[in-house]
Amino acid sequence: MRRPLIGLTAYAEQVQYGSNDLLAGMLPMTYVRAVHATGGRAVLITPDEPGTDVLESLDGIVFAGGNDIDPAYWGAERHPATEIDVARDTSELMLMRAALELDLPILGVCRGMQVMAVAAGGSLHQHLPDLIGSRRHQAAAGTDPLAADAAAYGRHDVVSKPGSMAHELLGARLTVNSFHHQAVDDPGRLAVTGWCPDDRVIEIIEDPDRAFVLGVQWHPERTADLRTFAALAEAAARRAGIAEPASLAA
Amino acid sequence: MRPIIGITTYVESASWLVWRDLPTALIPQAYVQAVTLAGGRAVLLPPDDLDADVLRTLDALVLSGGADLGPDLYGAQREPLTDSRPQRDAGEMLLARAALAADLPILGVCRGMQLLAVAAGGRLYQHLPDVVGHEKHRPAPGVYGEHQPSFVPGSRIAALMGDDLGVHCYHHQGVADAGTLAVTGRTADGVIEAVEDPARKFVLGVQWHPEVVTDQRLFGALVRAAG
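A quick note: this is a predicted structure, and the numbers were derived from the prediction, not measured. (Residues numbered from 1 in each chain as written. Chains lettered and ligands numbered in written order. Predicted model: local features only at pLDDT ≥ 70, side-chain atom pairs only at ≥ 80, totals over all residues.)

## As for the overall build of chain A
- Helix and strand counts for chain A come out as six helices and 13 strands.
- Here chain A has a C-alpha radius of gyration of 17 Å; the compact-globule value for 250 residues is 18 Å, and the two agree.
- Its C-alpha atoms give chain A principal-axis dimensions of about 50 × 50 × 35 Å.
- Within the span of chain A, comprising 250 residues, buried residues form 50% of the whole.
- The long-range share in chain A, meaning contacts at least 24 apart out of those at least 6 apart in sequence, stands at 66%. (Helix = DSSP H or I, 4+ residues; strand = E, 2+ residues; numbered from the N terminus. Rg over C-alpha atoms; globule rule 2.2 N^0.38 Å. Buried ≥ 20, exposed ≤ 12 C-beta atoms within 10 Å, placed from the backbone. Contact = placed C-beta atoms within 7 Å.)

Have a look at this one:
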């Protein structure tokens, strides 16, 4: 049975595993499992050679979490806490612009949502604690953000805009995890459809003029709530002209 | 559009930046660089044992190195030093068999060559030092063994390697029986270092690690076959 082919943007990062310490193309398995659990087939796309031809082979694409985006993309000075990866920025912004142009189903996760906003002409807040005076979006109370694991994620609610795709998909209000110190400031030509009720930080953006373009500021792949991935897979299956994919997990 | 070259990924508990010991799909970037330099577009294939459907979108396949194959793949009892990753095995065997059946160009590297041999009905030695009496194929953690295999005249690998026979080995297992594949390279101790299927468009397995020297002879040939 044919499954929609879902690309995931991956890191090229210095990584340690076993006795190895080397540069590797890599992505946490949580993303891969989220795609496979919702009926897609995952392939990873590393930022090695900026080029968009690979998009022609894909039915959908996930822009994954990671480091900060260079604020030069919206003409701002770099904040001391901003850490960038030039190769990744170049590759992903090119891919995002091309994917939007192709009307490819797109899910942006955390940094991926920020890439979406910047590609659509928007801008970011570079350090939320300066803006809102709180670390609620970054880390659970008492954790060391430099030794992160799943327990280190923050937690807060998100409320969605009635009539939006986010509202239809996720409901009026949900609780999400959180691990980001930056956020969307200006969404460019995209619509803002979800916020943190405590501080109005933008949590969901979408493009109502395209088949499926959704950005979420949290990490759904780290949770049991994979509705965002399921919706991407369904949109990708429709684009590919195949039957609705069977979810392998409820 | 460049040929799309799929590369199977490892699955390992990995640490990077602020993250510690997370299950990760990864591939040494050297593989990606080798494919890109040769003019291909690399996509990484994390393990998936549902089907081999992804091959439809690929022009060639690299079966990468990494952990040992589970001996259940060739019907053997596990020996003490075999260190496998069950998450990889079923999905990669599916891909290898389907790629052979589809006559897709395939390059098998280290574990990948062993996978080809097993897919072709062969089997492995689970610890070469027990067989050959030395550790020169994996001298020390992180240290490659440098060898100069002999290649069968007229074989694909002989033509590709030319006069520069130096290779970098890092393996403690080896092919005992290559099944229906032809053995086209060995080191002086008899260890199989290259296998081919001359009946197919491009099927080549090498026991060493060509990606550590970004070997354009091998990756270039794969990408040309894919184009």
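## Focus: the interface of chain A and chain B
- Of the residues lining the interface, 40 residues belong to chain A; the matching set on chain B comes to 37 residues.
- Where the side of chain A that touches chain B is concerned, the elements lending two or more residues are strand 2 (11–17), strand 3 (20–28), helix 1 (29–37) and strand 4 (41–45) of chain A.
- With seven residues, strand 3 of chain A is the largest single contributor of residues to the side of chain A that touches chain B.

## Concerning the packing of helix 2 (residues 86–101) of chain A against helix 3 (residues 111–119) of chain A
All names here are of chain A.
- Helix 3 packs onto helix 2 with a crossing angle of 70° between their chain directions and a minimal axis gap of 9 Å. Classified by the angle between their axes, helix 2 and helix 3 sit roughly perpendicular to one another. Read as a crossing pair, helix 2 and helix 3 show a hand that is right-handed. Seen from helix 2, the contacting residues are E92, L93, M96, R97 and L100; seen from helix 3, they are V115, M116, V118 and A119. (Axes fitted to C-alpha atoms, helices over the stretch in contact; angles between N-to-C directions. Parallel < 35°, antiparallel > 145°, perpendicular 65-115°, else oblique. Left-handed = near helix turned anticlockwise from the far one by under 90°.)

## Observations concerning the packing of helix 2 (residues 86–101) of chain B against helix 3 (residues 111–119) of chain B
Residue and element names in this part refer to chain B.
- Viewed as axis vectors pointing N to C, helix 2 and helix 3 meet at an angle of 65°, and their least axial separation amounts to 10 Å. Classed by the angle they form, the pair helix 2 and helix 3 counts as roughly perpendicular. Relative to helix 3, the crossing made by helix 2 is right-handed. Seen from helix 2, the contacting residues are E92, M93, A96, R97 and L100; seen from helix 3, they are L115, L116 and A119.
- Grouping the constituent residues of the contact of helix 2 with helix 3 by class yields six nonpolar, no polar and two charged. (Nonpolar A, V, L, I, M, F, W, Y, C, P; charged D, E, K, R; others polar.)

## Things to note about unusual backbone geometry
All names here are of chain A.
- Its identity as a non-glycine residue notwithstanding, C110 has a phi of 55°, on the positive side.
- Unlike most non-glycine residues, R200 shows phi in positive territory, near 65°.
- Here R200 shows up in the loop between strand 11 (191–195) and strand 12 (202–206).
- A count of 11 C-beta atoms within 10 Å places R200 in the exposed class.

## Some words on the pairing of strand 5 (residues 60–63) of chain A
Residue and element names in this part refer to chain A.
- On strand 5, burial covers both faces: G60 and V62 on one face and I61 and F63 on the other are all buried.
- Relative to strand 5, strand 1 (residues 5–9) runs parallel, the two being bridged by three bridges. Bridge pairing in strand 5 places I6 opposite G60.
- For the segment spanning strand 5, helix 2 and strand 6 (residues 106–109), crossover handedness is right-handed. (Pairing = 2+ DSSP bridges. Right-handed = clockwise from strand over helix to strand, strands pointing away.)

## As for helix 1 of chain A
- Of all the residues in helix 1 of chain A, the buried ones are M29, Y31, V32, A34, V35 and H36 of chain A.
- Directly after helix 1 of chain A, the chain includes G39 of chain A, whose backbone phi takes a positive value near 95°.

## Considering the confidence of the model for chain A
- In this model, chain A carries an average pLDDT of 90, and 91% of its residues clear a pLDDT of 70 or more.
- Counted against residues more than four places away or in other chains, residues 144–148 of chain A, with its pLDDT under 50, gives nine contacts. (pLDDT = per-residue confidence, 0-100.)

## Regarding the pairing of strand 4 (residues 41–45) of chain B
- Counting buried residues along strand 4 of chain B, five of its five residues qualify, which places the element largely inside the surrounding structure.
- Neither face of strand 4 of chain B is left uncovered, since the one carrying R41, V43 and L45 of chain B and the one carrying A42 and L44 of chain B both have all their residues buried.

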